[in-house]
Amino acid sequence: MKYFNDISDLDKAKLHYRNLAKQLHPDMGGTSGDFQEMQAEYKEFLLNMQQKSKVVTPSPNSTSEEKELINELRKLAKALIKNQVPQNYLRQKMQTMDSPLKSGLLKGIVSFLDGL
(Lines give C-alpha, C1' and ligand atoms only; values in the text may rest on other atoms or scores of the structure.)
Protein backbone atom coordinates (compact mmCIF):
# COMPACT_ATOMS: atom_id res chain seq x y z
CA MET A 1 0.00 0.00 0.00
CA LYS A 2 1.21 3.44 -0.86
CA TYR A 3 -1.25 5.74 0.92
CA PHE A 4 -2.58 3.75 3.89
CA ASN A 5 0.50 1.71 4.75
CA ASP A 6 0.97 2.67 8.41
CA ILE A 7 -2.69 3.04 9.34
CA SER A 8 -4.51 0.38 11.32
CA ASP A 9 -7.40 2.37 12.79
CA LEU A 10 -10.59 3.13 10.88
CA ASP A 11 -11.01 6.65 12.28
CA LYS A 12 -7.43 7.55 11.37
CA ALA A 13 -7.98 6.10 7.90
CA LYS A 14 -11.06 8.27 7.35
CA LEU A 15 -9.21 11.40 8.40
CA HIS A 16 -6.20 10.46 6.28
CA TYR A 17 -8.51 9.81 3.30
CA ARG A 18 -10.07 13.27 3.62
CA ASN A 19 -6.65 14.93 3.75
CA LEU A 20 -5.40 12.94 0.78
CA ALA A 21 -8.57 13.67 -1.19
CA LYS A 22 -7.99 17.39 -0.69
CA GLN A 23 -4.42 17.05 -1.97
CA LEU A 24 -4.90 14.56 -4.80
CA HIS A 25 -8.25 15.58 -6.29
CA PRO A 26 -7.83 16.93 -9.84
CA ASP A 27 -9.79 20.07 -8.93
CA MET A 28 -7.22 20.75 -6.20
CA GLY A 29 -4.16 20.32 -8.41
CA GLY A 30 -3.73 16.54 -8.21
CA THR A 31 -4.00 14.04 -11.02
CA SER A 32 -6.96 11.79 -11.68
CA GLY A 33 -4.65 8.77 -11.76
CA ASP A 34 -3.24 9.45 -8.28
CA PHE A 35 -6.70 10.20 -6.91
CA GLN A 36 -8.17 6.99 -8.34
CA GLU A 37 -5.21 4.96 -7.07
CA MET A 38 -5.73 6.39 -3.58
CA GLN A 39 -9.46 5.65 -3.71
CA ALA A 40 -8.84 2.06 -4.79
CA GLU A 41 -6.35 1.60 -1.97
CA TYR A 42 -8.82 3.07 0.52
CA LYS A 43 -11.50 0.63 -0.62
CA GLU A 44 -9.03 -2.24 -0.26
CA PHE A 45 -8.12 -0.99 3.22
CA LEU A 46 -11.81 -0.89 4.22
CA LEU A 47 -12.39 -4.41 2.90
CA ASN A 48 -9.41 -5.68 4.87
CA MET A 49 -10.67 -3.98 8.02
CA GLN A 50 -14.13 -5.43 7.50
CA GLN A 51 -12.71 -8.91 6.96
CA LYS A 52 -10.65 -8.67 10.15
CA SER A 53 -13.66 -7.56 12.17
CA LYS A 54 -15.78 -10.49 11.02
CA VAL A 55 -13.37 -13.26 11.94
CA VAL A 56 -15.18 -15.71 14.17
CA THR A 57 -13.15 -16.98 17.06
CA PRO A 58 -14.32 -19.10 19.92
CA SER A 59 -14.89 -17.15 23.10
CA PRO A 60 -13.06 -18.21 26.24
CA ASN A 61 -16.39 -19.52 27.55
CA SER A 62 -17.09 -21.66 24.48
CA THR A 63 -17.59 -25.34 24.97
CA SER A 64 -15.26 -27.78 23.28
CA GLU A 65 -18.09 -28.64 20.86
CA GLU A 66 -18.48 -24.98 19.85
CA LYS A 67 -14.73 -24.62 19.34
CA GLU A 68 -14.65 -27.78 17.26
CA LEU A 69 -17.59 -26.56 15.16
CA ILE A 70 -15.94 -23.20 14.48
CA ASN A 71 -12.70 -24.92 13.46
CA GLU A 72 -14.58 -27.28 11.13
CA LEU A 73 -16.45 -24.35 9.55
CA ARG A 74 -13.11 -22.59 8.95
CA LYS A 75 -11.76 -25.68 7.22
CA LEU A 76 -14.93 -25.97 5.13
CA ALA A 77 -14.78 -22.31 4.09
CA LYS A 78 -11.13 -22.66 3.04
CA ALA A 79 -11.93 -25.81 1.06
CA LEU A 80 -14.90 -24.19 -0.68
CA ILE A 81 -12.89 -21.13 -1.63
CA LYS A 82 -9.94 -23.23 -2.81
CA ASN A 83 -12.26 -25.33 -4.98
CA GLN A 84 -13.85 -22.18 -6.44
CA VAL A 85 -17.37 -23.07 -5.21
CA PRO A 86 -18.47 -19.55 -4.17
CA GLN A 87 -16.54 -17.98 -7.04
CA ASN A 88 -18.30 -20.16 -9.63
CA TYR A 89 -21.68 -19.38 -8.09
CA LEU A 90 -20.96 -15.63 -8.19
CA ARG A 91 -19.71 -15.85 -11.79
CA GLN A 92 -23.03 -17.43 -12.76
CA LYS A 93 -24.91 -14.69 -10.92
CA MET A 94 -22.87 -12.02 -12.73
CA GLN A 95 -24.18 -13.28 -16.06
CA THR A 96 -27.78 -12.69 -14.98
CA MET A 97 -27.21 -9.25 -13.45
CA ASP A 98 -28.85 -6.36 -15.24
CA SER A 99 -26.87 -3.79 -13.30
CA PRO A 100 -23.23 -3.08 -14.18
CA LEU A 101 -22.71 -1.91 -10.60
CA LYS A 102 -23.91 -5.19 -9.09
CA SER A 103 -21.93 -7.16 -11.65
CA GLY A 104 -18.82 -5.14 -10.83
CA LEU A 105 -19.28 -5.75 -7.11
CA LEU A 106 -19.60 -9.48 -7.66
CA LYS A 107 -16.50 -9.43 -9.85
CA GLY A 108 -14.60 -7.70 -7.06
CA ILE A 109 -15.72 -10.32 -4.55
CA VAL A 110 -14.64 -13.11 -6.90
CA SER A 111 -11.23 -11.49 -7.32
CA PHE A 112 -10.90 -11.15 -3.55
CA LEU A 113 -11.82 -14.81 -2.98
CA ASP A 114 -9.40 -15.90 -5.69
CA GLY A 115 -6.63 -14.11 -3.80
CA LEU A 116 -7.23 -16.02 -0.57
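Reference entry: report on the structure contained in this document.

The rules we used
Residues numbered from 1 in each chain as written. Predicted model: local features only at pLDDT ≥ 70, side-chain atom pairs only at ≥ 80, totals over all residues. Heavy atoms only, no water. Helix = DSSP H or I, 4+ residues; strand = E, 2+ residues; numbered from the N terminus. Contact = heavy atoms within 4.5 Å. Salt bridge = Lys/Arg side-chain N within 4 Å of Asp/Glu carboxyl O. Buried < 20%, exposed > 50% of the residue type's maximum accessible area, 1.4 Å probe, protein only.

Overview of the side chain of Q87
Along the chain, Q87 falls in helix α4 (residues 85–96). If we ignore the near neighbours within four places in the chain, the residues touching Q87 are L80, I81, V110, L113 and D114.

Remarks on the pattern of salt bridges
The tally for this structure, following the rule as stated, stands at 3 salt bridges. When the shortest N-O distance is used, the salt bridge between K2 and E37 registers 3.9 Å. Linking K2 in the segment before α1 (10–24) with E37 in helix α2 (residues 32–53), this pair joins segments that are 35 residues apart in sequence. For K2, a relative accessible area of 53% corresponds to the exposed category. Residues K75 and E72 are paired through a salt bridge, measuring 3.5 Å at the closest nitrogen-oxygen approach. Highlighted residues: K75 and E72, both in helix α3 (residues 64–82), separated by 3 residues, approximately one helical turn.

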